[in-house]
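# Coordinates in review
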Amino acid sequence: TARRIQHSIIPQALPNLPSLRLATRYQPMTSVAGDFYDFLSTSDHCLTIVVADVSGHGVPAALVASMLKVCFAALRKQANNPAEVLAGFNVMLRESLGGQYVTAACAALDIGARVITYAGAGHPPSLLLQRNTGEIVQLAENGLFIGPFPKAAYSNVTVPFNSGDTLLLYTDGIIEASGTDGKEFGLEGLQQFLRQARDLNPSDLVERLFQQISNGEQQDDLTVVLAHLE
């Protein structure tokens, strides 16, 4: 039952915005997971992405993930302000987590203005690969975990999102996984991979990434959301 419910909260189709190509991958460690991702389209050129990781595994974490789905939908009016989305999560969930906590990354993409507004809550930095320079910008605007801290505050950072740029959001299972050499993939390994694979289309890039971290037994839920601006 929990597996069916969880399947229903994960997006069954990707949003369709002009010039934006999306790819996702969601791979639970067990039959149900504490990872979560979702999208809110607020106009024909604005899309907000959230990626979250609930502490623990199995059914308890999956139930919290289902609550995130409801909360995110309820925060549609705040969707273009990621800091307010994370603060809203904290207010709505803190009485219901039973000792669990949530890390999250939230990015609002404005295709018309060519900018990303980003905020995080105890989450690994999202990565923005800039096509023109080949540089990777770590989006590390981070506040406290969602849940334990009633007065937690969050803030936004805004960065350019130009043609050819690629944004990668993920959960910590990605960087804690073993690479093909048997060592922890790590944030540096993820950045190096993103540079090397930048000419791949989004779906192939995500597929290649999971091939890179498929060495050994899976130790955590794995989630990736990739957005490429053509």
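Heads up: these notes are all about the structure in this document.

Next up on the list: the overall build of the protein chain. The number of helices and strands found in the protein chain is six helices and 11 strands. Its C-alpha radius of gyration of 16 Å places the protein chain within 12% of the 17 Å reference for a compact globule of 230 residues. Taken over the C-alpha atoms alone, the protein chain extends approximately 45 × 40 × 30 Å along its principal axes. Per-residue burial for the protein chain yields a buried fraction of 51% across its 230 residues. For the protein chain, restricting intrachain contacts to residue pairs at least 6 apart in sequence, the fraction spanning at least 24 positions comes to 69%. Accessible area for the protein chain stands at about 10,200 Å²; split by element, carbon and sulfur atoms hold 48% of it.

Another point: the packing of helix H2 (residues 58–74) against helix H3 (residues 82–93). Between H2 and H3, the shortest axis-to-axis distance is 10 Å and the interhelical angle comes to 125°. Here H2 is positioned oblique relative to H3, judged by the angle of their axes. Read as a crossing pair, H2 and H3 show a hand that is right-handed. Of H3, the residues touching H2 (which contributes Met67, Leu68, Cys71, Phe72 and Ala74) are Val85, Phe89, Met92 and Leu93. Residue classes in the contact of H2 with H3 are distributed as nine nonpolar, no polar and no charged.

Here strand S4 (residues 102–110) lies mainly inside the structure; eight of its nine residues are buried. Note that strand S3 (residues 46–54) and S4 share nine bridges and pair antiparallel. The residue of S4 that forms the bridge with Ala52 is Ala104. As paired strands, S4 and strand S5 (residues 115–121) are joined by seven bridges and run antiparallel to one another. The residue of S5 that forms the bridge with Leu109 is Ile116.

It is worth spelling out the nonpolar core at this point. The nonpolar side chains of a soluble globular protein tend to be buried, and buried together. Judged by nonpolar contacts, the single largest core of 52 residues is most densely connected at Leu20, Ile49, Leu86, Phe89, Leu109, Ile116 and Leu167. Those residues in contact with Ile49 that lie beyond four places of it in its chain are Asp38, Phe39, Ala105, Cys106, Ala107, Leu109, Leu169, Val225 and Ala227. Among the nonpolar cores identified, the runner-up in size contains 22 residues, and Ile174, Ile175, Leu190 and Leu226 belong to it.

Our next topic: the sheet that holds strand S7 (residues 136–139). Here we have five strands laid out as an open sheet, ordered S1-S11-S10-S6-S7, and antiparallel in their pairing. Edge positions in the sheet fall to strand S1 (20–27) and S7, since each has one partner strand and no second. Here the average twist between neighbouring strands, direction ignored, is 15°. Two strands pair when backbone bridges link them, and strand S6 (residues 126–129) and S7 are joined in this way by four bridges, in the antiparallel orientation. Paired with Leu127 across the strands is Gln138, a residue of S7.

Now for unusual backbone geometry. Although it is not a glycine, Ser19 sits at a positive phi angle of roughly 70°. The phi torsion at Arg114 lies on the positive side, around 60°, for a residue other than glycine. Along the chain, Arg114 turns up in the loop between S4 and S5. Classification of Arg114 by relative accessible area gives partly exposed; the value is 30%.

Counted under the stated rule, the structure contains one cavity of 30 Å³ or more. Lining of the largest cavity is provided by Ala2, Ile5, Gln6, Ile9, Ala62, Leu63 and Ser66. Mapped by element, the contributors of at least two residues to the lining of the largest cavity are helix H1 (2–9) and H2. The element contributing the most residues to the lining of the largest cavity is H1, with four residues.

Turning next to the pairing of strand S11 (residues 222–229). Sheet faces and side chains relate simply in a regular strand, where the side chains alternate between the two faces. Counting buried positions along S11 yields eight of eight residues, so the element is predominantly enclosed. Neither face of S11 is exposed, since Leu222, Val224, Leu226 and His228 on one face and Thr223, Val225, Ala227 and Leu229 on the opposite face are all buried. Inspection of the sheet shows strand S10 (residues 166–170) paired to S11 by five bridges, in the antiparallel sense. Within S11, the residue paired with Leu167 across the bridge is Ala227.

Criteria and thresholds
- Residues numbered from 1 in each chain as written.
- Predicted model: local features only at pLDDT ≥ 70, side-chain atom pairs only at ≥ 80, totals over all residues.
- Heavy atoms only, no water.
- Helix = DSSP H or I, 4+ residues; strand = E, 2+ residues; numbered from the N terminus.
- Rg over C-alpha atoms; globule rule 2.2 N^0.38 Å.
- Buried < 20%, exposed > 50% of the residue type's maximum accessible area, 1.4 Å probe, protein only.
- Contact = heavy atoms within 4.5 Å.
- Areas by Shrake-Rupley, 256 points an atom, 1.4 Å probe, with all protein chains shown as cover.
- Axes fitted to C-alpha atoms, helices over the stretch in contact; angles between N-to-C directions.
- Parallel < 35°, antiparallel > 145°, perpendicular 65-115°, else oblique.
- Left-handed = near helix turned anticlockwise from the far one by under 90°.
- Nonpolar A, V, L, I, M, F, W, Y, C, P; charged D, E, K, R; others polar.
- Pairing = 2+ DSSP bridges.
- Core = buried A, V, L, I, M, F, W, Y, C linked by side-chain atoms within 4.5 Å.
- 1 Å grid on protein atoms, 1.4 Å probe; cavity = no way out; pocket = protein on both sides within 12 Å on 5 of 7 lines; lining within 4 Å.
- Points joined across faces, edges and corners; volume = space filled by probe spheres on them.

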